[in-house]
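For reference, the chains in residue letters:
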Amino acid sequence: EAEVAQSPRYKITEKSQAVAFWCDPISGHATLYWYRQILGQGPELLVQFQDESVVDDSQLPKDRFSAERLKGVDSTLKIQPAELGDSAMYLCASSKEVGSVGEKLFFGSGTQLSVL
Amino acid sequence: AQTVTQSQPEMSVQEAETVTLSCTYDTSENNYYLFWYKQPPSRQMILVIRQEAYKQQNATENRFSVNFQKAAKSFSLKISDSQLGDTAMYFCAFMTPGVTDKLIFGTGTRLQVFP
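Residues numbered from 1 in each chain as written. Chains lettered and ligands numbered in written order. Predicted model: local features only at pLDDT ≥ 70, side-chain atom pairs only at ≥ 80, totals over all residues. Heavy atoms only, no water.

A. View of the sheet that holds strand S7 (residues 65-68) of chain A. All names here are of chain A. Strand order in the open sheet formed by four strands is S1-S3-S8-S7, with antiparallel pairing between adjacent strands. In this open sheet, the two strands that pair with only one neighbour each are strand S1 (5-7) and S7. Geometrically, the sheet is characterised by an average inter-axis angle of 15 degrees between neighbouring strands, direction not taken into account. Where S7 lies against strand S8 (residues 75-79), four bridges are found, and the strand directions are antiparallel. Pairing of Glu68 across the sheet is with Thr76, part of S8. (Pairing = 2+ DSSP bridges. Helix = DSSP H or I, 4+ residues; strand = E, 2+ residues; numbered from the N terminus. Axes fitted to C-alpha atoms, helices over the stretch in contact; angles between N-to-C directions.)

Given below as structure tokens:
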């Protein structure tokens, strides 16, 4: 069964360093999401792409976070500089298109970020 | 603002027994969807069950069923014949279809199934 691929699985970095996470959605999925899950909380949407266009980035801290999906396939989420409060799990998800109403939303296994 | 509340941080149940996880939500929308997701130690979110708000009939998927009370804005998950593999975090989530289909999650309930 096709899966959403994420790497790295774990990342440890020091405060003020730059980090990047990669996500490869299921082939043919036009919509890609990045969620952040802080320990003890549910995931929160950071950014949503439809193909290469950003649909929703209202919760993305744009002073330090950036996300791109240049060819409408895989995506990179970057944090520069990292802060202690960025320690969390970063989940990527994909679906065929907006409007599939979550039924066909597939999640990756996430990248666990620890900022020291 | 739309919110999802899960008031049970942790629950436990014995294998083969039944357990119910609670979820309440707040919205002024009339058209929306509710979901229960499972997150095992592998961390991958897995859809357990979903409910369309316009449907009065409660959704059922094998051992999983929901009790959807629209007026009370309540959406509980019942797991029957609990299995060890049901041990996981369970998240209730809400979504209003539109330009985006952003999921709003609760804080989760950690379920432990004991042999």
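From this point, the narrative continues.
B. The state of the cysteines, seen in detail. Residues and elements named next belong to chain B. A complete count under the given rule lists two disulfides over all chains for this structure. Here Cys23 engages in a disulfide with Cys92; their sulfurs sit 2.0 Å apart. Disulfide Cys23-Cys92: the torsion about the S-S bond is -70 degrees, which places it as left-handed. Linking Cys23 in the loop between strand S3 (19-21) and strand S4 (24-26) with Cys92 in strand S10 (residues 88-95), this pair joins segments that are 69 residues apart in sequence. The residues Cys23 and Cys92 share a single accessibility class, namely buried. (Disulfide = S-S within 2.5 Å. Buried < 20%, exposed > 50% of the residue type's maximum accessible area, 1.4 Å probe, protein only.)

C. Spatial organisation of the pattern of salt bridges. Residue and element names in this part refer to chain A. Overall, the coordinates contain eight salt bridges over all chains when judged by the stated rule. Lys62 is the salt-bridge partner of Asp57, the closest N and O atoms lying 3.7 Å from each other. Classification of Asp57 by relative accessible area gives partly exposed; the value is 27%. Between Arg64 and Glu83 there is a salt bridge whose closest N-O contact spans 3.4 Å. Here Glu83 lies in the loop between S8 and strand S9 (88-95) and Arg64 lies in the loop between strand S6 (53-56) and S7, a separation of 19 residues in the sequence. The class of Glu83 is partly exposed, set by a relative accessible area of 39%. Residues participating in the shared-partner salt-bridge network are Arg64, Glu83 and Asp86. (Salt bridge = Lys/Arg side-chain N within 4 Å of Asp/Glu carboxyl O.)

D. View of the interface of chain A and chain B. Taken residue by residue, the interface counts 30 residues in chain A and 21 residues in chain B. For the pair chain A and chain B, the summed buried area comes to about 2000 Å², and 52% of that belongs to carbon and sulfur atoms. Seen at the junction of chain A and chain B, the total is one salt bridge. Asp56 of chain A serves as the salt-bridge partner of Lys102 of chain B, at 4.0 Å between the closest nitrogen and oxygen. For the pair chain A and chain B, the interface holds eight residue pairs in polar contact (both at pLDDT 80 or more). Broken down by element, the residue count for the side of chain A that touches chain B peaks at three residues, all from strand S4 (residues 31-37) of chain A. (Contact = heavy atoms within 4.5 Å. Buried area = accessible area lost by both parts, 1.4 Å probe. Polar contact = N/O pair within 3.5 Å; in protein donor to acceptor, adjacent residues only side chain to side chain.)

E. Inspection of the pairing of S10 of chain B at higher detail. Residues and elements named next belong to chain B. Most of S10 is tucked away, with eight of its eight residues classed as buried. Where strand S5 (residues 33-39) lies against S10, seven bridges are found, and the strand directions are antiparallel. Residue Tyr37 lies in a different strand from S10, and its bridge partner there is Phe91. Here S10 runs beside strand S12 (residues 109-114); their pairing, made up of three bridges, is antiparallel. Counted as the bridge partner of Tyr90 is Thr109 from S12. As paired elements, S10 and strand S11 (residues 104-105) share two bridges and run antiparallel to each other. Its bridge partner lying in S11, Phe94 is registered against Ile104.

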